[in-house]
Amino acid sequence: MKTRLKELREDHDLTQEQCAKIAYISKNSYIRYEKGERVPPLDIIVMYAKYYNTSIDYIACLTDTNQNLF
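Note that the coordinates shown come from a computational prediction; the quantities given were computed from them, not determined experimentally.

Draft legend 1. How the structure looks around the overall build of the protein. When helices and strands are counted, the protein shows five helices and zero strands. Shown N-terminal to C-terminal, the secondary structure of the protein runs as helices and strands in the order α-α-α-α-α. The C-alpha radius of gyration computed for the protein amounts to 11 Å, which stays within 12% of the reference 11 Å derived for 70 residues, consistent with globular compactness. Over its C-alpha atoms, taken along the principal directions, the protein stretches across nearly 30 × 20 × 20 Å. When the 70 residues of the protein are sorted by exposure, 36% land in the buried category. For the protein, the accessible surface area stands at approximately 4,500 Å², while carbon and sulfur atoms represent 47% of it. Averaged over its 10 positive side-chain charges, the protein has a centre that lies 7 Å from the centre of its 10 negative ones.

And the structure:
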């Protein structure tokens, strides 16, 4: 999951701070998710899936297909 969050962030030219604001979390929390030090709760993963228009499975590395949902 950590690599997908970073890949998605970089693909959208966002900073870690901007990604933290998307999910209403602290920058430090986001950094821990991106480094794999902590696993984000499901509600946070859902926020990122909606923002990036992708699936939860893609973020969780359960699939390699980054499908647009809408």
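Text resumes after the structure shown.
Draft legend 2. Quick peek at helix H1 (residues 2-11). Listed as buried for H1 are Arg-4, Leu-5, Leu-8 and Arg-9. Down the axis of H1, the buried side of the element spans an arc of 130°, and every buried residue falls inside it. As for H1, its buried residues are in contact with helix H2 (16-22), helix H3 (27-35), helix H4 (42-52) and helix H5 (56-59). In the segment just after H1, Asp-13 is the residue with positive phi, at about 55°.

Draft legend 3. How the structure looks around the environment of Thr-15. When you line up the elements, Thr-15 lands in the loop between H1 and H2. Judged by its relative accessible area of 40%, Thr-15 is partly exposed. Between the alpha carbons of Thr-15 and Ala-49 there is a distance of 17 Å; along the sequence they are 34 residues apart.

Draft legend 4. How the structure looks around the side chain of Glu-34. For Glu-34, the position within the fold is in helix H3. Taking the relative accessible area as the measure of exposure, Glu-34 reaches 8% and is therefore buried. A distance of 2.9 Å separates polar atoms of two side chains, one belonging to Glu-34 and the other to Gln-16. Separated by 2.7 Å, the side chains of Glu-34 and Tyr-30 make a polar contact.

Reading the values: the criteria
Residues numbered from 1 in each chain as written. Predicted model: local features only at pLDDT ≥ 70, side-chain atom pairs only at ≥ 80, totals over all residues. Heavy atoms only, no water. Helix = DSSP H or I, 4+ residues; strand = E, 2+ residues; numbered from the N terminus. Rg over C-alpha atoms; globule rule 2.2 N^0.38 Å. Buried < 20%, exposed > 50% of the residue type's maximum accessible area, 1.4 Å probe, protein only. Areas by Shrake-Rupley, 256 points an atom, 1.4 Å probe, with all protein chains shown as cover. Lys, Arg positive; Asp, Glu negative; His and termini not counted. Charge placed at Lys NZ, Arg CZ, Asp CG, Glu CD. Arc of directions from axis to C-beta. Contact = heavy atoms within 4.5 Å. Polar contact = N/O pair within 3.5 Å; in protein donor to acceptor, adjacent residues only side chain to side chain.

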